[in-house]
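Architecture at a glance
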Amino acid sequence: MTSFIASLLSPILAAPTGTPEPTALPKSPDSPYFWMPTRSSTVADQIDWLFDVLVWLSVLSCIGIMGAMVYFCIKYRAKSRAANERVEITPDHNTTLEITWSFVPLVILIALFVWGFKGYVDLRTVPKDAMQVHVSGQKWKWNFTYSNGWSDDVLHVPVDTPVKILLNSTDVLHSFFVPAFRVKIDAVPGRYTELWFHATETGEFPIECTEYCGTSHSDMLSKVIVHPPGGYEKYLEQAEEKEKTLPPAELGAQLYSKKGCKQCHSIDGSRLIGPTWKGIFGKSEPLADGSTAQVDENYLRESIVDPQVKLVQGYPPSMPTYKGQLKDHQLTALIEYIKTLK
Ligand code: CUA
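Described in the following lines is the structure provided in the data block. Model, not experiment: these values are computed from the prediction.

Some remarks on the overall build of the protein chain
What the protein chain contains, in helices and strands, is eight helices and twelve strands. Computed over the C-alpha atoms, the radius of gyration of the protein chain is 28 Å, more than 25% above the 20 Å expected from 2.2 N^0.38 for a compact globule of 342 residues. Dimensions along the principal axes, computed over C-alpha positions, put the protein chain at roughly 95 × 50 × 40 Å. Going through the 342 residues of the protein chain one by one, you find that 35% of them count as buried. Counting only contacts in the protein chain whose residues sit at least 6 apart along the sequence, the fraction spanning at least 24 positions is 64%. Carbon and sulfur atoms provide 62% of the accessible area of the protein chain, an area that totals close to 20,800 Å². For the protein chain, the centre of its 32 positive side-chain charges and the centre of its 37 negative side-chain charges are spaced 4 Å apart.

Here it is in structure tokens:
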């Protein structure tokens, strides 16, 4: 069904030629539900039930009200001028009917409120034993930092474990959403927000930004990888070791996509939000203040750590600082990678 719809939409959705390749979309596992992705967390069932009840109640009320309206329009329409103007004594109210149509919806609404409120309290109450991951939203990527200090652009969590997400934003409002877990919360600059989930299935599930945050908002995608027991610990152990054994240029290539550089800098010469990296090393760049800068290791390092100091002419001052976000060996790796892009 979904693949059929996708094939119908593909001519519309295909990127126009000449624009840079969009970020590969994280894939949702096939879902047995018509509207919704898989229910892969402990709260998903409850949320979907409430949603379904609300949808079907609304559909039924809509049909009932519209049906009654059409029926009355036909039944009481004026058949002639005389019939229309005849004065008739009509009953002014019906107590039983009025009490019924007030009391029944009241009971339904109270039940929906209790159900919804209970769900809300469950969603907002983080279990005490939850494992914490710090998440930071930044135009236009998510960054996940684990308890041992390691950070990654993909969220790794163990299955069957409550996980607390402590969220902040380094620039504007973003919103962190994991559709398969049915959890969502805003990332707000200058304060922490939190949510929690308990994944019930292993696999990979998309993470989206659901608050418009600028040009590449729709590319602000990531994924959560839910590991089987033991897999998460193994991932943390190996991750840092692996990075240190890579050749710098190769690590730089990974950081280019991991740290969000590729949202603004192309490597094929095309113009994005910032200057392309292709052939930039060794060039003389005209700066916004009228001077020129020689692009060498020190210029690149300064531009990553303190991007507003030497702005290239014709580009907006929109790059955030990476001070503290990149370790020394990572800065070197990025510079070595830029050098290879001739
Ligand atoms: Cu970040 Cu939209």
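Points about the packing of aromatic side chains
Counted under the stated rule, the structure contains 13 aromatic pairs. With 6.4 Å between their ring centres and 70 degrees between their planes, F144 and F176 make a pair best called edge-to-face. Here the residue F144 occupies a position in strand β2 (residues 141–145), and F176 occupies one in strand β6 (residues 174–178), the gap between them amounting to 32 residues. Note on accessibility: F144 and F176 belong to one class, buried. Of the aromatic side chains, those joined through ring pairs into one cluster are Y71, F72 and Y76. Positioned over the ring face of F177 is K184, at 4.9 Å from the centre of the ring. Just above the ring of Y315 sits the side chain of R271; from NZ or CZ to the centre is 4.1 Å.

Considerations on unusual backbone geometry
It is generally the case that most residues other than glycine have a negative phi and that most peptide bonds are trans. Cis geometry marks the peptide bond from K139 to W140, where omega comes out at -5 degrees. Along the chain, W140 falls in the loop between β1 (131–138) and β2. A positive phi is found at D160, a non-glycine position, where the angle reads about 55 degrees. Within the secondary structure, D160 is located in the loop between β4 (155–158) and β5 (162–169). Assessed through its relative accessible area of 53%, D160 is described here as exposed.

Some remarks on the sheet that holds β2
One open sheet holds the five strands; their spatial order is β3-β2-β1-β5-β8, and the pairing between them is mixed. Looking at the sheet topology across the chains shown, the edges are occupied by β3 (151–152) and β8 (193–198). Relative to β3, β2 runs antiparallel, the two sharing two bridges. Directly across from F144, in β3, lies its bridge partner D152.

Quick look at the nonpolar core
Grouped together as the largest cluster of nonpolar side chains are 38 residues, with contacts concentrated most on W142, L155, I165, F176 and F181. Per-element accounting of this core gives the leading share, four residues, to helix α5 (residues 231–245). Beyond its immediate sequence surroundings of up to four residues, I165 is in contact with V133, V135, L155, F176, T193, E194, L195 and F197. Counting 23 residues, the second largest nonpolar core, distinct from the first, contains L251, L300, L334 and L341.

The rules we used
- Residues numbered from 1 in each chain as written.
- Predicted model: local features only at pLDDT ≥ 70, side-chain atom pairs only at ≥ 80, totals over all residues.
- Heavy atoms only, no water.
- Helix = DSSP H or I, 4+ residues; strand = E, 2+ residues; numbered from the N terminus.
- Rg over C-alpha atoms; globule rule 2.2 N^0.38 Å.
- Buried < 20%, exposed > 50% of the residue type's maximum accessible area, 1.4 Å probe, protein only.
- Contact = heavy atoms within 4.5 Å.
- Areas by Shrake-Rupley, 256 points an atom, 1.4 Å probe, with all protein chains shown as cover.
- Lys, Arg positive; Asp, Glu negative; His and termini not counted.
- Charge placed at Lys NZ, Arg CZ, Asp CG, Glu CD.
- Phe/Tyr/Trp six-rings, centres within 6.5 Å; stacked < 30°, edge-to-face > 60°.
- Lys NZ or Arg CZ within 6 Å of the ring centre and 35° of its normal.
- Pairing = 2+ DSSP bridges.
- Core = buried A, V, L, I, M, F, W, Y, C linked by side-chain atoms within 4.5 Å.

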